[in-house]
Amino acid sequence: MPRLFEEPLVTEASWMLPMVLLALPVVMITIGWKYPLDGKQISLILWAGWLLPVMAYFSFTNGLFHRYYLIMLGPPLAALTGISFWSFHTVFQKNRTSGWLTAGLISGLSMLFEISVMWSYREYAVPAAGAAFGLW
């Protein structure tokens, strides 16, 4: 598993990554690709082109690194989250069933990932929530 999803970085900026990464193909299908590129396509290239190399660097580097550099994930994560919700809304407007299925599938997979992370790092979970659901 990449370092972004392991201790100590799992408690920082990694909780939004699964949803954004799962939504990228939906966004690419929603905006379509044609030449010349329009503003939506260019913005997707900008934000994904910022996020993916930074993720690769933080996941696999052995060199210069500190946790406060994770601030570089903030802007592309925020932008791609907004773009993802716009994409879900667009799919929903075209076909309600497809929209609900797409949003539900991506949200469900993201939640399953988050639950697995919380299961591995129980000390970061809210103890009352875990006790309420009988997890520990």
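Reading the values: rules and limits
Residues numbered from 1 in each chain as written. Predicted model: local features only at pLDDT ≥ 70, side-chain atom pairs only at ≥ 80, totals over all residues. Heavy atoms only, no water. Core = buried A, V, L, I, M, F, W, Y, C linked by side-chain atoms within 4.5 Å. Buried < 20%, exposed > 50% of the residue type's maximum accessible area, 1.4 Å probe, protein only. Helix = DSSP H or I, 4+ residues; strand = E, 2+ residues; numbered from the N terminus. Contact = heavy atoms within 4.5 Å. Patch = residues over 30% accessible without salt bridge, like charges linked within 9 Å, V, L, I, M, F, W, Y side chains within 5 Å. Areas by Shrake-Rupley, 256 points an atom, 1.4 Å probe, with all protein chains shown as cover. Salt bridge = Lys/Arg side-chain N within 4 Å of Asp/Glu carboxyl O. pLDDT = per-residue confidence, 0-100. Expected span 1.5 Å × (residues − 1). Bend = angle between axes of the 7 residues up to and from the residue.

Here we look at the nonpolar core
Counting 25 residues, the largest nonpolar core has Leu 4, Leu 17, Leu 51, Leu 73, Leu 80 and Phe 88 as the members making the most contacts within it. Elements represented by at least two residues in this core include exactly helix H1 (17-31), helix H2 (39-60), helix H3 (74-94) and helix H4 (96-120). Looking at this core element by element, the count peaks at eight residues for H1. Excluding residues within four positions of it along the chain, Leu 80 makes contact with Val 20, Leu 24, Leu 44, Trp 47, Ala 48 and Leu 51.

A look at a nonpolar patch on the surface
A contiguous nonpolar patch, built from Met 28, Trp 33, Tyr 35, Leu 37, Ile 42 and Ile 45 and spanning about 680 Å² of accessible area, is present on the exposed surface. Take Leu 37: it is sitting in the loop between H1 and H2. The partly exposed category is assigned to Leu 37, whose relative accessible area is 37%.

Some points on the confidence of the model for the chain
On average, residues of the chain score 80 in pLDDT, and 80% of them reach the 70 mark or higher. Within the chain, the lowest mean pLDDT, 56, falls on helix H5 (residues 127-132), and the highest, 89, falls on H3.

A short note on H1
The end-to-end C-alpha distance of H1, which contains 15 residues, comes to 21 Å, matching closely the 21 Å that a straight helix rising 1.5 Å per residue would cover. Where H1 bends most, the angle comes to about 35 degrees, and this point is Leu 24, followed within four residues by the proline Pro 25. Listed in full, the buried residues belonging to H1 are Leu 17, Pro 18, Met 19, Val 20, Ala 23, Leu 24, Val 26, Val 27, Thr 30 and Ile 31. Residues of H1 that are buried make contact with H2, H3 and H4. A positive phi of about 70 degrees marks Gly 32, the residue just after H1.

Describing H2
Across its 22 residues, H2 extends 32 Å between first and last C-alpha, which sits within 8% of the 32 Å expected from 1.5 Å per residue. Here H2 has its buried residues at Gln 41, Leu 44, Ala 48, Leu 51, Val 54, Met 55, Phe 58 and Ser 59. Looking at the packing, one finds that the buried side of H2 touches H1 and H3.

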